[in-house]
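Observations on chain architecture
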Amino acid sequence: EIQMTQSPSSLSASVGDRVTVTCRASQSIVNYLNWYQQEPGKAPKLLIDSASRLQSGVPSRFSGSGSGTDFTLTISSLQPEDFATYYCQQSYGALPTFGPGTKVDIK
Amino acid sequence: EVQLLESGGDLIQAGGSLRLSCAASGFTFSSYAMSWVRQAPGKGLEWVSGISGSGDRTYYADSVKGRFTISRDNSQNTLYVQMRGLRAEDTAVYYCAKDCSSTSAPVCFGPWGQGTLVTVSS
């Protein structure tokens, strides 16, 4: 099973800040990496698939990059509605696995 | 608009069985793989099981293999998971999710339903 780690586990930021979340896979997953946002009390929402492909309707301040084992989710200018938990997920292995999540809260 | 509506969550004793359903609308149900993903209280996401669009291929996490059975009825646009031998650690909100790709295996998940809570008491 491919293991996913994320760093940091949580961060505090202010509106307008540039925020970066890192995801690392235990082996190369090429670009089979997806990012999700989960607001408190809500279902997760797919933001980015294939490491960098933004889903329709997702604001352009979100971007994804990386390949192999190291990936990054960047929010260029944090907005109030972006305070949430972010999960990465790999789909390269036989079975999908999620990272443990990164909680972004208000400084 | 894609809509997914889960039902069937309940409070159940350890060792018991439960069947969850997910009613889908707004897309060609049989063309997409579907998955169940769960979230224990205060914890992260765990993919549980997936099924191809035709229903001929199923996939399970090791934690539920042999206890859970995923199925679908494409004539009714409904996804199911039959859960047996439930344990306290199966307590979670269970989400159904449409696959974002048209492959037969689970790849990426979106959109998701609102979830249904399963509580297993020991």
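Residues numbered from 1 in each chain as written. Chains lettered and ligands numbered in written order. Predicted model: local features only at pLDDT ≥ 70, side-chain atom pairs only at ≥ 80, totals over all residues. Heavy atoms only, no water.

1. Here we look at the overall build of chain B
The cut-off we apply is this: Numbering goes from the N terminus for both helices and strands, where a helix is a DSSP run of H or I of at least four residues and a strand is a run of E of at least two. This radius of gyration counts C-alpha atoms alone. The globule rule is 2.2 Å times how many residues there are, raised to the power 0.38. Only protein chains enter the area calculation, which uses a 1.4 Å probe; residues under 20% of their type maximum are buried, those over 50% are exposed, and those in between are partly exposed. When checking whether two residues touch, look at their non-hydrogen atoms; a contact exists if any pair is within 4.5 Å. In this tally, Lys and Arg are treated as positive and Asp and Glu as negative; His is ignored, and so are the chain termini. For this purpose, a charge sits on NZ of Lys, CZ of Arg, CG of Asp or CD of Glu.
In terms of regular secondary structure, chain B is built from zero helices and 11 strands. Against the globule reference of 14 Å for 122 residues, chain B gives a C-alpha radius of gyration of 13 Å, in line with a compact fold. Within chain B, buried positions represent 50% of all 122 residues. Across chain B, the fraction of contacts at a sequence separation of at least 24, relative to all contacts at a separation of at least 6, is 55%. Here chain B contributes 10 positive and 10 negative side-chain charges, whose respective centroids are spaced 5 Å apart.

2. Describing the side chain of Gln89(A)
Locating Gln89(A) in the fold gives a position in strand S9 (residues 85-90). For Gln89(A), a relative accessible area of 0% gives the class buried.

3. Section: the interface of chain B and chain A
Which entries qualify depends on this criterion: Buried area, as used here, totals the accessible surface that two parts lose on assembly, with accessibility defined by a 1.4 Å probe and the loss added over both. We define a salt bridge as a side-chain nitrogen of Lys or Arg found within 4 Å of a carboxyl oxygen belonging to Asp or Glu. The nonpolar class holds Ala, Val, Leu, Ile, Met, Phe, Trp, Tyr, Cys and Pro. Asp, Glu, Lys and Arg form the charged class, and all remaining residues, Gly among them, are polar.
Contact residues are listed per partner, giving 19 residues for chain B and 14 residues for chain A. Both sides together, the interface formed by chain B and chain A hides about 1,300 Å², and carbon and sulfur atoms give 67% of it. The largest contributions to the chain B side of the interface with chain A come from Leu45(B), Phe109(B) and Trp112(B), which together make up 37% of the buried area. Remark: the boundary between chain B and chain A carries zero salt bridges. Listing elements by their share of the side of chain B that touches chain A, those giving two or more residues are strand S4 (34-39), strand S5 (45-51), strand S6 (58-60) and strand S10 (109-112) of chain B. Among the residues forming the side of chain B that touches chain A, the class breakdown is 13 nonpolar, four polar and two charged.

4. Some remarks on unusual backbone geometry
All names here are of chain A. In this structure, Pro-8 follows Ser-7 across a cis peptide bond, with omega equal to -10°. Of note in the backbone geometry, Val-30 takes a positive phi value of approximately 55° without being a glycine. Residues other than glycine seldom take positive phi values, yet Ser-50 does so here, at roughly 50°. Assignment of secondary structure puts Ser-50 in the loop between strand S5 (45-49) and strand S6 (53-54).

5. What about the environment of Tyr95(B)?
Stated precisely, the cut-off is as follows: N or O atoms within 3.5 Å of each other form a polar contact, as long as, within protein, one can give a hydrogen and the other can take it, and as long as residues adjacent in sequence are counted only when both atoms are side-chain atoms.
Looking at the secondary structure, you find Tyr95(B) in strand S9 (residues 92-99). Residue Tyr95(B) is classed as buried on the basis of its relative accessible area, which comes to 5%. Within the structure, Tyr95(B) has its side chain in polar contact with the side chain of Gln38(A) (distance 3.5 Å).

6. Examining the pattern of salt bridges
Residues and elements named next belong to chain A. In this structure the tally under the stated criterion is eight salt bridges over all chains. Across the pair Glu-81 and Arg-61 runs a salt bridge whose closest N-O atoms are separated by 3.4 Å. Residue Glu-81 is found in the loop between strand S8 (70-75) and S9, and its partner Arg-61 is found in the loop between S6 and strand S7 (62-67); the two are separated by 20 residues along the sequence. Residues Arg-61 and Asp-82 are paired through a salt bridge, measuring 2.8 Å at the closest nitrogen-oxygen approach. Of this pair, Arg-61 sits in the loop between S6 and S7 while Asp-82 sits in the loop between S8 and S9; the two residues are 21 residues apart in sequence, bridging distant segments of the chain.

7. What about the pairing of strand S3 (residues 18-25) of chain B?
Residue and element names in this part refer to chain B. Let me state the cut-off plainly: DSSP calls a pair of strands paired once it identifies at least 2 bridges connecting them.
As paired strands, strand S1 (residues 3-7) and S3 are joined by five bridges and run antiparallel to one another. Across the sheet, residue Ser-7 finds its bridge partner in S3, namely Ser-21. Bridge count between S3 and strand S8 (residues 78-83): six bridges; the pairing is antiparallel. Opposite Arg-19, over in S8, you have Gln-82 as the bridge partner.

8. A word on the state of the cysteines
The condition is simple: In this description, a disulfide is simply a cysteine sulfur pair whose atoms lie within 2.5 Å.
What the rule picks out here adds up to three disulfides over all chains. In this model Cys23(A) forms its disulfide with Cys88(A); the gap between the sulfur atoms is 2.1 Å. Every disulfide takes its handedness from the sign of the S-S torsion; for Cys23(A) and Cys88(A) that torsion is 75°, giving right-handed. With Cys23(A) in strand S3 (residues 19-25) and Cys88(A) in strand S9, this residue pair connects regions lying 65 residues apart in the sequence. The same class applies to Cys23(A) and to Cys88(A), which are both buried. Each sulfur in the disulfide pair Cys22(B) and Cys96(B) lies 2.0 Å from the other.

Remember, this is a structural readout, not a statement about activity or role.
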